[in-house]
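Take a look at the letters that make up each chain.
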Amino acid sequence: MTVLNVKLDDETATRLDLLAKGSQRTKSSYIKEMLELYLEDFEDGISALERINDNNAEFVSLEDAKKELGL
């Protein structure tokens, strides 16, 4: 397991402290969960941008997609 040091501004640190104390979870557990969720969304976004910028990509209209799916 890797250990990271993170510098937070005072407001963010206070919010994280209150969240952790109020739920009896560790600050590390929240940071880990938030990073996992953010990274998944970020990776999906990067993947979508790569597809959009692919000059060889083929796009399907909404109407064609609906027909294909029988909607």
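So, how was this worked out
- Residues numbered from 1 in each chain as written.
- Predicted model: local features only at pLDDT ≥ 70, side-chain atom pairs only at ≥ 80, totals over all residues.
- Heavy atoms only, no water.
- Helix = DSSP H or I, 4+ residues; strand = E, 2+ residues; numbered from the N terminus.
- Contact = heavy atoms within 4.5 Å.
- Salt bridge = Lys/Arg side-chain N within 4 Å of Asp/Glu carboxyl O.
- Buried < 20%, exposed > 50% of the residue type's maximum accessible area, 1.4 Å probe, protein only.

(A) View of the environment of Thr 14. Secondary-structure assignment places Thr 14 in helix 1 (residues 10-23). The sequence separation of Thr 14 and Leu 4 amounts to ten residues, and the corresponding C-alpha distance is 19 Å.

(B) Representation of the environment of Arg 51 within the structure. In this fold, Arg 51 is placed in helix 2 (residues 27-52). Excluding anything up to four places from it in sequence, Arg 51 contacts Ala 57 and Phe 59.

(C) Up close: the pattern of salt bridges. Under the criterion given, the structure shown has three salt bridges. The shortest N-O distance in the salt bridge between Arg 25 and Glu 33 comes to 2.8 Å. The exposure class of Arg 25 is partly exposed, given its relative accessible area of 34%. Across the pair Glu 36 and Lys 32 runs a salt bridge whose closest N-O atoms are separated by 2.9 Å. Of this pair, Glu 36 and Lys 32 both sit in helix 2, four residues apart, which is roughly one turn of that helix. Since its relative accessible area comes to 45%, Glu 36 is described here as partly exposed.

Any functional reading would require information beyond the geometric quantities listed.
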